[in-house]
Amino acid sequence: MSLYDDAVLVLKGYEGQDALRQAYLDHLAAHPDGMWKACHAGHVTASALVIDPERGRVLLTLHKKLRMWLQMGGHCEPSDASLAAAALREATEESGVPGLTLLPGGPVRLDRHPIPAPCHCHYDVQYAAQAPAGAEHAISDESLDLRWFAYDEVADVADESVVRLLEAARTRL
């Protein structure tokens, strides 16, 4: 199965955010290249909020280009077998934490947001990944910083999209 086909199946099975989910499906139907960064009309991305429920905290990255505290994530690669695999790959690469596991049940949220030119927007499919006990992180070259934040600190450092993602992840837990 292609990554495109996986994305369509994942989105068709996603429950909630019905209008936004349909916008993702419409975008993919209109853009067969909508999984790839080269699609300047916008493209699907995959991200994962790294969460440590035992300690009530999440790992956020200070994104190098955007200079914002965000969850790990980014562009899909041709080697990604699925959106879930892309999200897990991105979370592992950007956090440096081995042994992450996605929470069962598929994506926890969708978030469409504008990005700087030449593209127009990211159609982000957001997962949550549980960190193993005692997880040690390592800053990647895509980050200015990487830090654990208590659940109640996230609203003070991150934007509403990350706060909503955390709420959805905690509900899933």
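The coordinates are above.
The sections below set out a description of the structure shown in this document. (Residues numbered from 1 in each chain as written. Predicted model: local features only at pLDDT ≥ 70, side-chain atom pairs only at ≥ 80, totals over all residues. Heavy atoms only, no water.)

## Brief notes about the pairing of strand E6 (residues 109–114)
Each regular strand carries side chains that alternate between the two faces of the sheet.
Here is step 1 of the chain: Summarising the sheet, E6 and strand E7 (residues 121–130) pair through six bridges and their orientation is antiparallel. If you follow His-113 over to E7, its bridge partner there is His-122.
Here is step 2 of the chain: The antiparallel hairpin formed by E6 and E7 contains six residues in its connecting segment. (Pairing = 2+ DSSP bridges. Helix = DSSP H or I, 4+ residues; strand = E, 2+ residues; numbered from the N terminus.)

## Structural notes on the nonpolar core
In summary, soluble globular proteins display a tendency toward joint burial of nonpolar side chains.
Here is step 1 of the chain: In this structure, Met-35, Val-50, Leu-83 and Val-125 are the most contacted members of the largest nonpolar core, which totals 34 residues.
Here is step 2 of the chain: Elements with a contribution of two residues or more to this core: helix H1 (3–13), helix H2 (18–30), strand E1 (43–52), helix H3 (83–95), E7 and strand E8 (143–150).
Here is step 3 of the chain: Leaving out residues up to four positions away in the same chain, Val-50 has contacts with Arg-57, Val-58, Leu-59, Met-72, Ala-91, Leu-100, Ala-129, Ala-131 and Trp-148.
Here is step 4 of the chain: Counting 20 residues, the second-largest nonpolar core is a separate cluster that includes Ala-128, Tyr-151, Val-163 and Ala-168. (Core = buried A, V, L, I, M, F, W, Y, C linked by side-chain atoms within 4.5 Å. Buried < 20%, exposed > 50% of the residue type's maximum accessible area, 1.4 Å probe, protein only. Contact = heavy atoms within 4.5 Å.)

## Some points on the pattern of salt bridges
Here is step 1 of the chain: This structure, assessed with the given rule, holds six salt bridges.
Here is step 2 of the chain: The partner of Arg-57 in a salt bridge is Asp-52, with the nearest N and O atoms 2.9 Å apart.
Here is step 3 of the chain: Note that Asp-145 and Arg-147 form a salt bridge whose closest N and O atoms lie 2.5 Å from each other.
Here is step 4 of the chain: Judged by its relative accessible area of 39%, Arg-147 is partly exposed. (Salt bridge = Lys/Arg side-chain N within 4 Å of Asp/Glu carboxyl O.)

## So, the side chain of Ser-140
Here is step 1 of the chain: In this fold, Ser-140 is placed in the loop between E7 and E8.
Here is step 2 of the chain: Owing to a relative accessible area of 14%, Ser-140 belongs among the buried residues under this scheme.
Here is step 3 of the chain: Each residue touching Ser-140, except ones within four places of it in the same chain, is listed here: Glu-93 and Glu-94.

## Some points on the packing of H1 against H2
Here is step 1 of the chain: Relative to each other, H1 and H2 sit at 155°, their axes nearing to 10 Å. Relative to H2, the element H1 is oriented roughly antiparallel. Here the hand of the crossing between H1 and H2 comes out left-handed. Of H2, the residues touching H1 (which contributes Tyr-4, Ala-7, Val-8, Leu-11 and Lys-12) are Arg-21, Tyr-24, Leu-25, Leu-28 and Ala-29. (Axes fitted to C-alpha atoms, helices over the stretch in contact; angles between N-to-C directions. Parallel < 35°, antiparallel > 145°, perpendicular 65-115°, else oblique. Left-handed = near helix turned anticlockwise from the far one by under 90°.)

Coordinates in, geometry out; function isn't part of it.
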